[in-house]
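The chain contents come next:
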Amino acid sequence: MGIIKERFRKKADEVSAEIKEIVKTHGSKKIGEVTLAQVYQGMRGITGLVTETSLLDANEGIRFRGYSIPELQASLPKVKGGSQPLPEGLFYLMLLGTLPTEEEVNHVTSTLQRRSHVPNYVFDTIESLPVNAHPMTQFVVGIMALQTESSFAKRYAEGMSKKDYWDATYDDALDLIARLPRIAAYIYRRKYRNGDHIQPNGLLDWSGNFAHMMGYDDESFKELMRLYMTIHADHEGGNVSAHTTHLVGSALSDPFLSFAAGMNGLAGPLHGLANQEVVKWIFEMREQLGVELPSNEQIEQYVRKTLSEGKVVPGYGHAVLRKTDPRFTAQMEFGRQHMPDDALVNTVWRIYEVVPPILSSLGKVKNPWPNVDAHSGALLVHYGMVEYEFYTVLFGVSRALGVLASLCWDRALGMPLERPKSVTTELVKRWLDGKDEIWEG
Ligand code: AMX
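Parameters at a glance
Residues numbered from 1 in each chain as written. Predicted model: local features only at pLDDT ≥ 70, side-chain atom pairs only at ≥ 80, totals over all residues. Heavy atoms only, no water. Core = buried A, V, L, I, M, F, W, Y, C linked by side-chain atoms within 4.5 Å. Buried < 20%, exposed > 50% of the residue type's maximum accessible area, 1.4 Å probe, protein only. Contact = heavy atoms within 4.5 Å. Helix = DSSP H or I, 4+ residues; strand = E, 2+ residues; numbered from the N terminus. Polar contact = N/O pair within 3.5 Å; in protein donor to acceptor, adjacent residues only side chain to side chain. Near = heavy atom within 4 Å. Areas by Shrake-Rupley, 256 points an atom, 1.4 Å probe, with all protein chains shown as cover. Axes fitted to C-alpha atoms, helices over the stretch in contact; angles between N-to-C directions. Parallel < 35°, antiparallel > 145°, perpendicular 65-115°, else oblique. Left-handed = near helix turned anticlockwise from the far one by under 90°. Nonpolar A, V, L, I, M, F, W, Y, C, P; charged D, E, K, R; others polar. Phe/Tyr/Trp six-rings, centres within 6.5 Å; stacked < 30°, edge-to-face > 60°.

Quick word on the nonpolar core
No. 1: Counting 112 residues, the largest nonpolar core has Phe 8, Phe 139, Met 214, Phe 221, Met 225, Met 385 and Leu 394 as its most contacted members.
No. 2: Apart from the residues within four sequence positions on either side, Met 214 is in contact with Ala 185, Tyr 188, Arg 189, Ile 198, Phe 221, Met 225, Met 385, Phe 390 and Leu 394.

Structural notes on the side chain of Asp 205
No. 1: Secondary-structure assignment places Asp 205 in the loop between helix H9 (165-192) and helix H10 (206-214).
No. 2: Given the relative accessible area of 8%, Asp 205 is considered buried.
No. 3: Among the polar contacts listed, one links the side chain of Asp 205 to the backbone nitrogen of Gly 208, at a separation of 3.0 Å.
No. 4: Polar contacts involving the side chain of Asp 205 include one to the side chain of Arg 226, which spans 2.9 Å.

Structural notes on the site of the ligand
No. 1: Among the 20 residues in the neighbourhood of the ligand, the closest are listed as His 271, Gly 315, Tyr 316, Lys 364 and Asp 373.
No. 2: Contact distances for the ligand include 2.9 Å between a nitrogen atom and a backbone N or O atom of Val 313.
No. 3: In the environment of the ligand, an oxygen atom lies 2.8 Å from a nitrogen or oxygen atom belonging to the backbone of Gly 315.
No. 4: Summarising the interface, the protein chains cover 75% of the accessible area of the ligand, which totals 900 Å² for the free molecule.

Some points on the packing of helix H18 (residues 373-382) against helix H19 (residues 391-412)
No. 1: H19 packs onto H18 with a crossing angle of 110° between their chain directions and a minimal axis gap of 11 Å. It follows from the interaxial angle that H18 and H19 lie roughly perpendicular. At the point where H18 passes H19, the crossing takes the right-handed sense. Residues Asp 373, Gly 377, Leu 380 and Val 381 of H18 form the contact with H19, whose own contacting residues are Tyr 391, Leu 394 and Phe 395.
No. 2: Taken together, the residues of the contact of H18 with H19 break down into 5 nonpolar, 1 polar and 1 charged.

Some details on the packing of H10 against H19
No. 1: One way to put it is that H10 packs onto H19 with a least axis distance of 13 Å and a crossing angle of 160°. The angle between H10 and H19 falls in the class roughly antiparallel. Judged by the twist between their axes, the crossing of H10 over H19 is right-handed. For the pair H10 and H19, the contacting residues are Trp 206, Phe 210 and Met 214 in the first and Leu 394, Val 397 and Leu 401 in the second.
No. 2: In terms of residue class, the contact of H10 with H19 is built from 6 nonpolar, no polar and no charged.

Quick look at the packing of aromatic side chains
No. 1: This model, assessed by the stated rule, comprises 16 aromatic pairs.
No. 2: With a centroid separation of 5.1 Å and an interplanar angle of 85°, the aromatic rings of Phe 8 and Trp 409 are classed as edge-to-face. Of the two residues, Phe 8 sits in helix H1 (residues 3-26) while Trp 409 sits in helix H19, which places them 401 residues apart along the sequence.
No. 3: A residue is classified by how much of its surface remains accessible, and Trp 409, at 2% relative accessible area, is buried.

Here it is as structure tokens:
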């Protein structure tokens, strides 16, 4: 057994014992109340999940095992001469709960390199789709083709014991994380570079190699990928992609099936597709105005037009956050360092000045501040990655780190089938009329 897997098993055994004790001693403790409005309004604020890898604070933003993004930038190992964290280190942190040393991160990198072979039939399956299929469709089809490689599915069919579920999940999680950059880069080159594919470079780190396979060998683009893969990795458990992966996994669907389901959720415009929507929206604004860098007044008019057409301003608002997303701030910082004069990046900064007061004035938007997606596209465009339909695939490769580390925890902790209760409005009305006294499960 590999050293990281062994450490995970040991840690999971400890946490499992702790949870058993917590549930035994405090299981009947009430931790909140649920209102009818919450049931109808997307279950906002109902605590109903345990996710060990990260925790979101409405004002502070995300913390991964207690570490904020600036803290990760300061403490996670980096490539020589680099200033952004290696996301392999974040995966280690999310899985084991402790910061890795440089040697431990190198170990993760080489483990992923060893597991990174993608069988040819996966590419053939992607090739069977029309080239104009959305990159997220191609991505999910690629993941599903790779499902034939699942250790979990194979071992389950052979009669695997419950106590080994975590072991097979761990193997699948690492295989998937190792192979996703190759699949994603294949889709990028197929769709946007006439199928002129680039072989992996086994000497590079996970993100550096990903950038290389997409055709971006500029060192500062590689740094951007390391930052991008780090900040998009996890956002606690209730967001659509994380929750879907967890939910589908709770049926003991293997990690490939579970992750593909999560990626279908990420492909929605209110979730991960927002990054493509932001750049599309800015490109359309620039085209309509005929200027490269619109003024604040021009942006304001365009925002009002968007709202008057019954559309949302992409990249703004959040279901949980109530302040500027620190993932936005980290990208702004990167922009200041690497491309302070870029017109598109400056447009994003002007939009940041203009949009919050307008959204606040509507009186209904709970969070007028930018989220992660408001900034990411502009940085990519700077390096020539203008194909915005691809951006959600990048998000998906990163999100694998968090949701698959969580899936390892789910199986190691013996998390059960998830099955919340639902009711009909007919029952709600009977209940309000006093005809049904209690909700029957
Ligand atoms: N522009 C215009 N209106 C907005 C808005 C925005 N950016 N954000 C919220 N609103 C509106 C909602 O549409 C809703 O209007 P309604 O009552 O007429 O239906 C009202 O404000 C209240 O919504 P909320 O409680 O503030 O937000 P929510 O929790 O229901 O939804 C989110 C959150 C992210 C879906 C929403 O803010 C939104 O649509 N933002 C734009 C899309 C986006 O950037 N998504 C990416 C989110 C981050 C991610 O997952 N990657």
